[in-house]
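A structural walkthrough
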Amino acid sequence: MIRLLTFRLNGRERTDAVADNVLLLDHLRESVGLTGTKTGCDGGECGACTVLVDGAPVLSCLTLAATVADRSVETVESLAEEGRLAFIQEGFHRKLGSQCGYCTPGLIMASEALLRRDPDPTEDAIRDALGSNICRCTGYVKIVEAVRWAAEAAAAGRAGATRSAAP
Amino acid sequence: MNVLPEWELLAPSSVDEVRAARAHHPGSRFLGGGTDLVVNLRRGIGDPPATLIDLNRVADLKGIEVAGEWIRIGAGVTIRELAQDPRVRASFPGLAAAAGSIAGPTHRNMGTVGGNLCLDTRCIYYNQSEWWRAANRYCLKYGGDICHVAPKSRICYATFSGDLAPALAVLDDAQIEIAGAQGARTLPLDSLYTGDGERYLALEPDELVVAVRARRPPALRTGYDKVRVRQSIDYPLAGVAAGVVREGDRLADLRLAFTGTNPRPLRLAGTEDLCGGALDDAVMERLSGLVRRQVMAMRTTFTSGHYRRHAAGVLARRLVRRLFDTT
């Protein structure tokens, strides 16, 4: 069955014709055209497809698109503003938290959800919050450093420090 | 792009609407967080349903109530909500620990209490792609007529892996609230599971789990522990919940329940015979004997049944010791 799905995507409301059996992952990538969200294991084990629904991380490969009616969905494309990377993106860039890059959008969205509820997370809190995300390059130490960098940069930003330009 | 079977998705907002939808659509499936069902649907496991009933907007399935010794948890409560609720952490630490140990953080944000209680049983011959299962001529659990784990068996040995059921089973009066076409009924938690991995739940086709409730006697110390291949995400190779009452230096009460080993959550029988004296090596040895006789791990995972049965015993002894020694 095909229905009209109205939801908020990256801050903007939209209405799409969506079949009941389409996954949110496929809708975002194939119909909307936002390919930042990645298809990884395609079975709920790797976290590459992580997006935020109402601010909380969700595996879009196990979510039917029709179930996000009237909800807010955020993908990695929502983070950069006017061409400038968000702190969490810049953290992954500066700390080399991204190697092949395939897991990065999912890890960034899981990290973003963490930083919103805990702006100053400990290493343990970071490792816990990213437990559903697998980096097959195994660059976990750098990923934790990237999240810490973002937390500190955001704190400095809130304290009024000038934001440095990305290298 | 994934091609999934065609189905109609219904989104009722009350339990009464769910019952009506179920009555009109026999063979429909309930959709909670999707972390169990959608994985199986995508693998072609189970008959493709013509209708999915989305439970995520059903308000009467939400909410955790704690009153005195009692807890009542709506089936639609997410695992994350249960794990993080300060009342649950304070009064039902074993249950909170079990919830906090389920899968990974994103799964806990999606998965629900009802879904974990009704979690499909698992097996290496079942949780596979369609072509993999077809090449093995399927199995007793779905589509075939032989159990590859126990070829002479007439029942399916697929393993129950839910973490909440054992944590609830060591409490008192654990009961499931069920809504069906004929109205509401309650069922002891123990009776929800049949012990056959194929038809593992004693629910009628029209029935929905609405809530679970249980009671913790004030002196009962509870805890939970498990082993997994990947600590951050996997299903348990073996999991154990314990309830311990200590009076002075005496073990006054002991309850143990296991998951990840048998086709149902297993409440260990005979633990009352271990109570009444000190928690010494002899008691621990008898505890190991009970585990060896009752925990029936078969080769349903890539880890051997022998290892999982051994791990279940080690986990149980460690957890009982820790709870007994906690001051």
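Anyway, here's the lowdown on the structure attached to this text.

1. Points about the pairing of strand β2 (residues 12-19) of chain A
Residues and elements named next belong to chain A. Here strand β1 (residues 2-9) runs beside β2; their pairing, made up of eight bridges, is antiparallel. Bridge pairing links isoleucine 2 to alanine 19 in β2. From the end of β1 to the start of β2, which pair antiparallel, there are two residues, and asparagine 10 there has a positive phi angle of about 50 degrees.

2. Thoughts on empty space enclosed by the protein
Remark: the empty space left among the atoms is shown by a probe the size of a water molecule rolled over them. All names here are of chain B. Scanning all chains against the criterion turns up two cavities of 30 Å³ or more. What lines the largest cavity is simply Cys123, Tyr125, Cys139, Leu140, Lys141, Cys147, His148, Val149, Cys156, Tyr157, Ala158 and Thr300. Its residues assigned to classes, the lining of the largest cavity shows nine nonpolar, two polar and one charged. If you add up the space inside the second largest cavity, you get close to 40 Å³. Phe92, Gly94, Leu95, Ala167, Val170, Leu171, Thr222, Gly223, Ala241 and Ala242 together form the lining of the second largest cavity. Those elements that provide at least two residues to the lining of the second largest cavity are α5 (93-100), β9 (221-227) and β10 (238-247). Of the residues assigned to the lining of the second largest cavity, the class counts are seven nonpolar, three polar and no charged. Of the domains in this structure, domain 2 (60-118 + 159-215) and domain 3 (221-325) are the two that each give at least three residues to the lining of the second largest cavity.

The rules behind each value
Residues numbered from 1 in each chain as written. Chains lettered and ligands numbered in written order. Predicted model: local features only at pLDDT ≥ 70, side-chain atom pairs only at ≥ 80, totals over all residues. Heavy atoms only, no water. Pairing = 2+ DSSP bridges. Helix = DSSP H or I, 4+ residues; strand = E, 2+ residues; numbered from the N terminus. 1 Å grid on protein atoms, 1.4 Å probe; cavity = no way out; pocket = protein on both sides within 12 Å on 5 of 7 lines; lining within 4 Å. Points joined across faces, edges and corners; volume = space filled by probe spheres on them. Nonpolar A, V, L, I, M, F, W, Y, C, P; charged D, E, K, R; others polar. Domains from an automatic or database assignment.

No statement about biological role is implied by the geometric values presented.
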